[in-house]
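Close look at the chain arrangement
Residue strings, one per chain:
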Amino acid sequence: MDGLPGGTEPAGFETWAGFSVIGTLSFVLGFAMNYGSICTFIATTELVSERRPARFLALAECAVWAAVGYIVLDTLPTMHAGWSPLLHMVSAAILFGVGVYVNGACIFGSVGHFGNGDLEFGFTFLGILIILSLDLVLELRPEPMPISAAPPLALGALLVVLPALLFLRLGVSFKSETNFRRLALAMGTIGITSATLSAFAPRFSITTSIGSMLSIPVTSSLIFVCMFGGSLVSARIRRHRFSLTWPTWGSVSRRIMGGMLMGFGALLIPGGNDTLLLVGLPMGAWQAFLAYLLMVAALAALIVRFGSAARSWS
């Protein structure tokens, strides 16, 4: 993720204006993640335990909205690095799924849980940062070469796919879901906001922002502070109160371990579930589809074997 321009006084003004836009967009992104109660772990749990696919359809809507955003803004979805060889990617996707299970939430869900006052989920991102920082020192992966590709469908086709997905989700959730509009609004906001952020912070994704903490600390830190702030404000408005749950040593170690597993998987795929949904799928990459499918399969297998404590909060 590149930094913002700086230098002369006008450029300095542009830099601060850019920071303001990035901060605002990051706040909206965090707000929407908490507002929608969206998480791949929750979606997989509902699919496996209750045969309810509504949240997975909502995640698909999110990817389509991101593609719409890229086209409207004339910005190419760009991966921070090229895809790993197939064997590495398969192993990494499964490892990422295991990490999500250990952590108790995916990237989206960790931001949402943090906003609910579960401060332990902040340590998930510390675990991811540890692995991505080791990569800078040990060069676990060759120097990344970013790749870009335009969405495979035209804007008109995407605007047909979107209502089809909404209609399908309405049909499968008619008697079991009470938050149809909430999810629709949240998914649209996350997809469009993520694509817009990419226009101001090239190659943006939550996972790559974690890895950029050391190389581009100001922009990356701004994104995370504002994103967590948006999640906290969303929970405060929804609950009409503000409460924090302080972590225990056990919960901290679990989140760090889950984060490290997710970080190692994201390093090799490359990218976490957020990158796959908001960058890989909008660019039509079959690797993104395969990696996400394998991640969900690993998560589903663990849920079937050991159960799940994942529950939506809205």
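Everything below is about the structure printed above this text.
One structure accompanies this document, and this report is about it. (Residues numbered from 1 in each chain as written. Predicted model: local features only at pLDDT ≥ 70, side-chain atom pairs only at ≥ 80, totals over all residues. Heavy atoms only, no water.)

With that out of the way, let us pick up the overall build of the chain. Check the secondary structure of the chain and you find 13 helices and two strands. For the chain, the share of sequence-separated contacts (at least 6 apart) that also reach a separation of at least 24 residues comes to 83%. Of the roughly 13,700 Å² that the chain leaves accessible, carbon and sulfur atoms contribute 70%. (Helix = DSSP H or I, 4+ residues; strand = E, 2+ residues; numbered from the N terminus. Contact = heavy atoms within 4.5 Å. Areas by Shrake-Rupley, 256 points an atom, 1.4 Å probe, with all protein chains shown as cover.)

Our focus in this paragraph is the nonpolar core. The biggest cluster of nonpolar side chains holds 70 residues, and the ones touching the most others in it are Phe108, Phe125, Ile190, Ile206 and Ile269. Considering every element that reaches this core, the biggest residue donor is helix α13 (residues 286-306), with eight residues. Dropping the residues within four chain positions of it, Ile206 is found in contact with Met33, Ile107, Phe108, Phe125, Phe224, Met227 and Asp274. (Core = buried A, V, L, I, M, F, W, Y, C linked by side-chain atoms within 4.5 Å. Buried < 20%, exposed > 50% of the residue type's maximum accessible area, 1.4 Å probe, protein only.)

Residue position: Arg169 is located in helix α7 (residues 155-173). Ignoring sequence-local partners within four residues, the contact set of Arg169 consists of Ala54, Leu57, Ala58, Glu61, Phe180, Leu183 and Ala184.

Attention now goes to helix α4 (residues 86-103). Helix length check: α4, at 18 residues, gives a terminal C-alpha distance of 25 Å against a target of 26 Å (1.5 Å per residue), a fit within 8%. Three or more residues of α4 are buried, namely Met89, Ala92, Ala93, Phe96, Gly97, Gly99, Val100, Tyr101 and Asn103. Structurally, α4 contributes buried residues whose contacts are with α2 (40-50), α5 (107-115), α6 (122-138), α11 (249-268), α12 (273-280) and α13. In the stretch just after α4, Gly104 is the one whose phi turns positive, near 95 degrees. (Expected span 1.5 Å × (residues − 1).)

Let's shift gears to the pattern of salt bridges. Going through the model one piece at a time under the given rule, you end up with five salt bridges. With a shortest N-O distance of 3.0 Å, Arg55 and Glu46 are connected by a salt bridge. Judged by its relative accessible area of 1%, Arg55 falls in the buried class. In this structure, Glu120 and Arg255 form a salt bridge, with 2.4 Å as the shortest nitrogen-oxygen distance. In this pair, Glu120 sits in the loop between α5 and α6 while Arg255 sits in helix α11, placing the two residues 135 residues apart along the sequence. As far as the burial class goes, Glu120 and Arg255 line up, both buried. (Salt bridge = Lys/Arg side-chain N within 4 Å of Asp/Glu carboxyl O.)

A few words now on the environment of Gly115. Within the secondary structure layout, Gly115 lies in helix α5. A relative accessible area of 4% means that Gly115 is categorised as buried. In sequence terms Gly115 and Ala235 are 120 residues apart; their C-alpha atoms lie 5.9 Å from each other. Excluding residues within four positions of it along the chain, Gly115 makes contact with Asn34, Ser231, Leu232 and Ala235.

Moving on, we come to unusual backbone geometry. Peptide bonds are trans in most cases, and residues, glycine excluded, mostly fall at negative phi. In this chain, Ile269 is followed by Pro270 through a cis amide linkage whose omega measures 0 degrees. Tracing the backbone shows Pro270 in the loop between α11 and α12. For Arg51, which is not glycine, the phi dihedral falls at a positive 55 degrees. By the secondary structure assignment, Arg51 is in the loop between α2 and α3 (54-73). Among the residues examined, Arg51 registers a relative accessible area of 64% and is labelled exposed. Despite not being glycine, Asp74 shows a phi value in the positive range, around 55 degrees. Summarising the element assignment, Asp74 is placed in the loop between α3 and β1 (78-79). The exposed category is assigned to Asp74, whose relative accessible area is 73%.

The subject of this paragraph is the packing of aromatic side chains. What characterises a pair of aromatic rings is the spacing of the ring centres plus the angle enclosed by the ring planes. Evaluated as defined, the whole model comprises seven aromatic pairs. Ring geometry for Phe31 and Tyr35: centres 6.3 Å apart, planes at 25 degrees, overall stacked. Of this pair, Phe31 and Tyr35 both sit in helix α1 (residues 9-36), four residues apart, roughly one helical turn. Residue Phe31 is classed as partly exposed on the basis of its relative accessible area of 25%. A residue is classified by how much of its surface remains accessible, and Tyr35, at 27% relative accessible area, is partly exposed. On the basis of an interplanar angle of 55 degrees and a centroid distance of 5.7 Å, the ring pair of Phe41 and Tyr101 is categorised as tilted. Taken together, the positions of Phe41 in helix α2 and Tyr101 in helix α4 put the pair 60 residues apart, joining distant regions of the chain. The pair formed by Phe41 and Tyr101 is uniform in burial state, with each residue classed as buried. (Phe/Tyr/Trp six-rings, centres within 6.5 Å; stacked < 30°, edge-to-face > 60°.)

This paragraph deals with a nonpolar patch on the surface. Taken together, the side chains of Leu126, Ile130, Leu134, Leu136, Val137 and Leu138 make up a nonpolar region of the molecular surface, amounting to roughly 530 Å² of accessible area. Turning to its location among the elements, Ile130 is positioned in helix α6. Taking the relative accessible area as the measure of exposure, Ile130 reaches 31% and is therefore partly exposed. (Patch = residues over 30% accessible without salt bridge, like charges linked within 9 Å, V, L, I, M, F, W, Y side chains within 5 Å.)

Limitation: the analysis is restricted to geometry and does not speak to function.
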